[in-house]
Each structure stands twice: as structure tokens, then as C-alpha cells.
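# Descriptive analysis of the structure
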Amino acid sequence: MRRSAFAAVSVCLLVLAAGCNSKPSGVPIASSSAPKLGIRPHGDETIKWDESKLAPEAKKAFDYIDAHIDEHVVNLQNWIKQPSISNSGEGIPESAEMVKGFFDKFGCQQTRVYDVGITEYGTPGNPVVYANCNFNAPKTLVFYWMYDTMPVTQPDLWVAPPFEGRIVPGEVAGVPAAAKVMVARGAVNTKGSQMVTLNALMSLKETMGGKLPVNIIFVAEGDEERMSIGLRQFMKQHSDLFKEADALYAGGPSEGCVYVELTTSGTKWGRGPTVSDVHGIWKRAADSPAWRHITMLSKLISEDGNTPKIKGFFDNMEKPTPEQLARLKMAGAKMNLADAAKAIGLARFMADDPAKMLQDLQYGTSFNLDGIWGGNMYAGGAGAILPNKITSKHNIRYVPKMNGLDLVKKLRSQLDANGYKDVEVKLIGDVPWSRGSDPKNDISSAHNQTMAMLGMNAMDTMSMFMGTDPNKEEKKPAGDKIGFVSPDAPMITDRPVAGGYWPSYLFTDGEVGEKVGSVSIPMGMTFGSFSAGGRAHAANEYFVIEGKGKMPGMATAEKYVVATVLNYAHTTTTPIKPKSK
């Protein structure tokens, strides 16, 4: 996110901090002795709400958020301080219990940590946390979480310890478009937007007398960075837990992604070291599995590293429509590629044209080398080693009508044809593609109503998604003719299929590459919780605490959630599912 890059932007949602609270509404999560951070709710923002369109309940919750923003930021710091790294397992059991505690404190009647057992990929899935919060409301809204994060890499590059939750000026973090940011692993992917959502729901609950206008279901997985293997298993086992759900708060479509490991070993090859690594002196007289692996990889990709050389790889690949290309051209018209690349941490993009870059990102495929290991892995120094085994890991991203498991078969066939039958292919997991929901459903309409209250449109959120400065001059559409919204035509009519994967296929009522479980609900075709941040999976990951210009801070992001939930509660154009008493 996954989100995901889109997950990072798009599907982020919730959380709170541990501890006890005697109040039935459970709102103050931080203690009364919590440090006063002096956070300015509006920062240096120019974002203005159209108060004539705000319900009285929204105004009360907005005031509450402003008065408690320091506590809300501390809630995020407390969550950030708990590592939850699914690749290594560090902090995963503790995080699952912590998340359950968040839901208990929120007041959910049913909360449980589910052990999903061994998945179909032969590895155990991490726990899934489920909660059902019944407020006797007509409609039920689902919030998806991923509580796991990526590992910390390149620690020397961080401007603050990754699990401290330090707040620094935007300039210090290299984010001049924001007044203050929190630098931490998991800040944007996705603990920041999670806490935004839970803070917002708690604020609304407090100001509405301990109730909400919708029922809430939370589902939190600890495997998003491991292809959601545990959540996939959970949905096979427990789809019935969502039978009363009317919508997913935020989501949207997803590209497909399949993950594999390739291993070359002297044992399988029958040459070079067979039992263990040996002294490097023996390279004078022995073959190297490591060099064989490098040569093998070089035959799977073009010289520039951008085009897979796997027979049939592009079969069934769906191409963007003229209307989708027109949307990309409009989005590209407001982009500065150099600024966007710098914000992400790139020297440049493959394409020099913004529209082509967006097309590559949102409708293209990729065969990536994520990592490689074997032999002497210590930086600096020496130590002669002839490795007996080397492994590389790869994610293959694909679009509708393509199939992840079919791509793995084609990879296997290409390795065999290239003379590498001894190379092992291990399937780690697969997240099939999804189309998403009807963009005119109730939850998407609610998001669009909130956007209109802000006088903003989908191109503004696209800017935040790309990590660029939304405060710069831009070209806006006059209407909604090619899909983006404007304040006087506030309907998001479509979304790209790619730009990040997340397990949308397990929830959506739209077309999917593979159907797993029985959950099929409308989802918000939106960029999530309207929060801002960046550098997911990278050093100095950050979440915006105090905004600037049109870059929203934490308080504004929380208000967005409040307004959208209220809009959804009052928008009913589709039948509501019957609820249990």
C-alpha cells in the first residue's frame, strides 16, 4: 500500500492508543498529563470549509477536534512507537493486541484477534483483528486497516529515529509544502491515516452523545506487506462477518501483483559449492552459482531493465481507453516531473512526458528486482566467499485481464527455455486485480460531497498522491467531461486501475481477477482519508501534522472523515441491508 502506493495514499484508515479510560465514550485516548505539543489545528492552511453545507453535528465535532488536536497527535505517536514489521515478524503479535485494544476502547461490542493458521502458500498468516460496533443505525460502514509496516532500511539516512514519532518542520524533513510533519516508519503507510480516522470517529461519537449515525466494522490485517496472505485466508473462513455491511469507507480499484523468489544453488545446479558457502579461493577452480544467477536474471529483462523478456508476458494485457488517456493528459498538465521525481526520491522517471509517466504508473506492468542476497552480506571490509546459493525476490505488477499465477508459469517456462531448469521459483503470494465499484454509489457520493464542501477536486488529491505540492498553480477542468471533479461538478466518475495494489478484490462489488470469499460491497472510489504524507517504504517516511496552503494537516484530515461519515449516513440511493437486532 499498500497501499500501497495507493494504499499509502488511498486506502489508509484508523487507530488509537493503548491504555484505560473510564469514560463510556472512550474519547480521550491520551492521558490528561499528555505533553502539550502546541499543534495548530489549521497550521498555515488556506483550505476553507463551506460552513453553509455543514451539518450541526459536523461543526460540533470540528470544534472538538481543534480543541483536542494535541491529544490526537500523541495518539499517533503512541501507535508509531509500536513496531509492526510483517517481513520480520517484529512486534506483530503485540500490534494485533494493541489494535484490538483500540477497538475495545472505541466501544465495539465484538472484538477478536483471529489466528488464520497456515495459508495456501505454505506459510502462516499473521493475525487478523475484527471488530463490530453496533450503534443501532440503519447502515453499516466497513473500515479496512493494515497494521503491518515495512522494515527500516538505511537507518543512517533518517533525520529522526523511525519509531520515535518526532515532529519536525517540513523543511527539515525535505517537505517544504508542509508546516510540520511526523517522521516515522508507518507514518503514511498507514498508521497516520488510521489514527486520523479513529480520532475522527471518536470525536463524532463524543459530540453525538456516545453514538454514531452508522454502525462500524473494522478489519485489520498484519500481512499487507506480505501480499495479504493472512487476510485472504480470513476472508475464506469468515466472510459471514460482513453480511450486514453496506459499504467500505475507502478503497478503489487495484492493480494485480504476484511475488516470487528465484534461487540458484550449487546443489540443484550440480556445479560449484553444494553444501554451504566455501572459501573464495576456490573460484579459481570452481563454478559460481552467484554468477549463474546474475546471468540468468539478465536474460529475463531488457538491457535498460524496463521490459520483461518473458514469452507471453503481455498476453491479455488491457490497454487504457481514449477517455482514460485524456484524463491522464489533464492530470499531467499540472505536473512538474522534476519536482515529482524529487519528492519521491528519484533522479528522474523513465518517461519525459507527464501523461506517459502516469500511463506507465497506472496502466503499465513491471518486473522488479526487490532484493538479492547470498554469500558475504557485510558492508565494508573483505572476507572471501564463494556462495553455494543466491536468492532474489521479485514483484510482478499486472493489470486487468492478466493473471498472476499464469505469469509465474510463463516465468518458469522462460527459465526452462533459457537453460535454467535448476533455478527454483517460489510463489510468495498473489493479489489479483480489481475494477472497484460504481463511482456513483452512496459512499463515493458522500466523499464527493465532502470534497465540494472544501472547494477542492480529485486533481488536488491526485497531487497529494504523487507527492507533489498542491499549492502550485494548476490547470483545473471546467466540468466533469473527462472524469475529474470540479467544485461545480463534484462526482468522481472513474479511477485508474493501477498505481499500487491492495486487497480490493476481497471486498469490492466490482469485477475482480479472482473471487475469494463472499464479501461484495460498494466501496468509496476515493483517495481515502484526505490525509497527506509520503516516502512510503523509504527513509524519512512522513505524515503531515500541520498543513500549509492546500496541503491538509491532521485536524483537517480528521474533519474530512467526520463530514464524509455524516454525508454517507444521510445519502441513501441503494437498498440498505437488513440488520440483526
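For the structure itself, look to the data block above.
Residues numbered from 1 in each chain as written. Predicted model: local features only at pLDDT ≥ 70, side-chain atom pairs only at ≥ 80, totals over all residues. Heavy atoms only, no water.

## Brief notes about the overall build of the protein chain
Looking only at helices and strands, one finds 15 helices and 17 strands in the protein chain. When burial is assessed residue by residue, the protein chain has 58% of its 581 residues classed as buried. Considering only contacts in the protein chain between residues 6 or more positions apart, those separated by 24 or more positions represent 79%. Approximately 22,800 Å² of the protein chain is accessible, and the part contributed by carbon and sulfur atoms is 53%. (Helix = DSSP H or I, 4+ residues; strand = E, 2+ residues; numbered from the N terminus. Buried < 20%, exposed > 50% of the residue type's maximum accessible area, 1.4 Å probe, protein only. Contact = heavy atoms within 4.5 Å. Areas by Shrake-Rupley, 256 points an atom, 1.4 Å probe, with all protein chains shown as cover.)

## Examining the nonpolar core
Membership of the largest hydrophobic core comes to 66 residues, with the highest contact counts inside it found for Phe103, Phe106, Leu141, Ile216 and Phe218. Considering every element that reaches this core, the biggest residue donor is helix 15 (residues 554-569), with ten residues. Grouped together as the second largest cluster of nonpolar side chains are 33 residues, Tyr144, Met227, Ala245 and Phe507 included. (Core = buried A, V, L, I, M, F, W, Y, C linked by side-chain atoms within 4.5 Å.)

## Here's the deal with the packing of aromatic side chains
What the rule picks out here adds up to 18 aromatic pairs. Members of the aromatic cluster, each reached through a chain of ring pairs, are Trp79, Phe102, Phe103, Phe106, Phe135, Phe143, Trp145, Phe218 and Tyr249. The aromatic ring of Trp79 is capped on one face by Lys191, whose charged end is 4.1 Å from the ring centroid. Above the face of the Phe106 ring, Lys205 is positioned so that its terminal group lies 5.0 Å from the ring centre. (Phe/Tyr/Trp six-rings, centres within 6.5 Å; stacked < 30°, edge-to-face > 60°. Lys NZ or Arg CZ within 6 Å of the ring centre and 35° of its normal.)

## Quick look at the pattern of salt bridges
Going through the model one piece at a time under the given rule, you end up with 27 salt bridges. With a closest N to O distance of 3.9 Å, Lys139 and Asp442 form a salt bridge. In this pair, Lys139 sits in the loop between strand 3 (128-133) and strand 4 (140-146) while Asp442 sits in helix 13 (residues 442-453), placing the two residues 303 residues apart along the sequence. Side by side, Lys139 and Asp442 carry an identical accessibility label, which is buried. The shortest N-O distance in the salt bridge between Lys401 and Glu511 comes to 2.8 Å. Linking Lys401 in the loop between strand 13 (389-398) and helix 12 (404-417) with Glu511 in the loop between helix 14 (458-466) and strand 15 (533-534), this pair joins segments that are 110 residues apart in sequence. Residue Lys401 is classed as partly exposed on the basis of its relative accessible area of 41%. Relative accessible area serves as the criterion here: at 37%, Glu511 is assigned to the partly exposed category. Shared partners join several salt bridges into a network, and the residues in it are Arg40, Asp44, Lys180 and Glu546. (Salt bridge = Lys/Arg side-chain N within 4 Å of Asp/Glu carboxyl O.)

## A closer look at the environment of Pro127
Its place among the elements puts Pro127 in the loop between strand 2 (110-114) and strand 3. For Pro127 and Asp223, which are 96 residues apart along the polypeptide, the C-alpha to C-alpha distance reads 8.3 Å. If near-sequence neighbours (up to four positions away) are discounted, Pro127 is found in contact with Ile92, Ala96, Val113, Tyr114, Tyr147, Ala220, Glu221 and Gly222.

## Observations regarding the sheet that holds strand 4
Reading across the sheet, the five strands line up as 2-3-7-4-8 and stay open at both edges, with mixed pairing between neighbours. Across the chains shown, the open sheet's two edge strands, defined by having one partner strand only, are strand 2 and strand 8 (247-248). Bridge count between strand 2 and strand 3: five bridges; the pairing is antiparallel. Among the inter-strand pairings, Val113 is bridged to a residue of strand 3, identified as Val129. Helix-sheet contacts for helix 4 (residues 92-106) involve strand 2, strand 3, strand 4 and strand 7 (215-221), and the interaxial angle to strand 2 is about 175°. Helix 5 (residues 187-207) contacts strand 4 and strand 7 of the sheet and is inclined by roughly 150° relative to strand 4. (Pairing = 2+ DSSP bridges. Axes fitted to C-alpha atoms, helices over the stretch in contact; angles between N-to-C directions.)

## Looking at the state of the cysteines
Going through the model one piece at a time under the given rule, you end up with one disulfide. Shown here is the disulfide that connects Cys108 with Cys133, its sulfur atoms set 1.9 Å apart. Note on the Cys108 and Cys133 pair: the S-S dihedral is about 50°, so by sign convention the disulfide is right-handed. Taken together, the positions of Cys108 in the loop between helix 4 and strand 2 and Cys133 in strand 3 put the pair 25 residues apart, joining distant regions of the chain. On the basis of relative accessibility, which here comes to 8%, the residue Cys108 falls in the buried class. (Disulfide = S-S within 2.5 Å.)

## Observations regarding the packing of helix 2 (residues 56-67) against helix 5
Helix 5 packs onto helix 2 with a crossing angle of 120° between their chain directions and a minimal axis gap of 9 Å. Our classification of the angle between helix 2 and helix 5 gives oblique. Handedness of the helix 2/helix 5 crossing: right-handed. Residues Glu57, Lys60, Ala61, Tyr64 and Ile65 of helix 2 pack against Ser203, Leu204, Glu206 and Thr207 of helix 5. Across the contact of helix 2 with helix 5, the residue classes break down as four nonpolar, two polar and three charged. (Parallel < 35°, antiparallel > 145°, perpendicular 65-115°, else oblique. Left-handed = near helix turned anticlockwise from the far one by under 90°. Nonpolar A, V, L, I, M, F, W, Y, C, P; charged D, E, K, R; others polar.)

## Considerations on the side chain of Ser203
Of note, Ser203 is situated in helix 5. The exposure class assigned to Ser203 is buried, which follows from its relative accessible area of 0%. Sequence-distant contacts of Ser203, defined by excluding residues within four places in its chain, comprise Ala61, Tyr64, Ile65 and His72.

## A look at the sheet that holds strand 13
Spatial ordering of the open sheet is given by 11-13-9-14, a layout of four strands whose pairing is antiparallel. A strand with exactly one partner marks an edge of an open sheet, and here the two such strands are strand 11 (366-373) and strand 14 (424-431). Averaged over all pairs of adjacent strands, the angle between their axes in this sheet comes to 20°, without regard to strand direction. Strand direction decides the pairing type here: strand 9 (residues 256-265) and strand 14, joined by seven bridges, are antiparallel. If you follow Glu261 over to strand 14, its bridge partner there is Lys426. Each of strand 9, strand 11 and strand 13 is contacted by helix 8 (residues 289-298), which is oriented at about 145° to strand 9, the strand it contacts most.

## A closer look at a nonpolar patch on the surface
On the surface, a nonpolar cluster with roughly 400 Å² of combined accessible area is contributed by Trp291, Ile294, Leu369 and Ile372. Here Trp291 falls in the exposed class, since its relative accessible area comes to 58%. (Patch = residues over 30% accessible without salt bridge, like charges linked within 9 Å, V, L, I, M, F, W, Y side chains within 5 Å.)

## Side note on the side chain of Thr111
Mapped onto the elements of the fold, Thr111 is located in strand 2. Within the local environment of Thr111, its side chain forms a polar contact with the side chain of Lys100, the two groups lying 3.2 Å apart. Here Asp104 takes part through its side chain, which lies 2.5 Å from a polar atom of the side chain of Thr111. Dropping the residues within four chain positions of it, Thr111 is found in contact with Lys100, Phe103, Asp104, Tyr130 and Ala131. (Polar contact = N/O pair within 3.5 Å; in protein donor to acceptor, adjacent residues only side chain to side chain.)

## Re the environment of Ser580
Here Ser580 is to be found in the segment after helix 15. Residue Ser580 is classed as partly exposed on the basis of its relative accessible area, which comes to 46%. Ser580 sits 336 residues away from Glu244 along the chain, and the two C-alpha atoms are 8.0 Å apart. Ignoring sequence-local partners within four residues, the contact set of Ser580 consists of Asn134 and Glu244.

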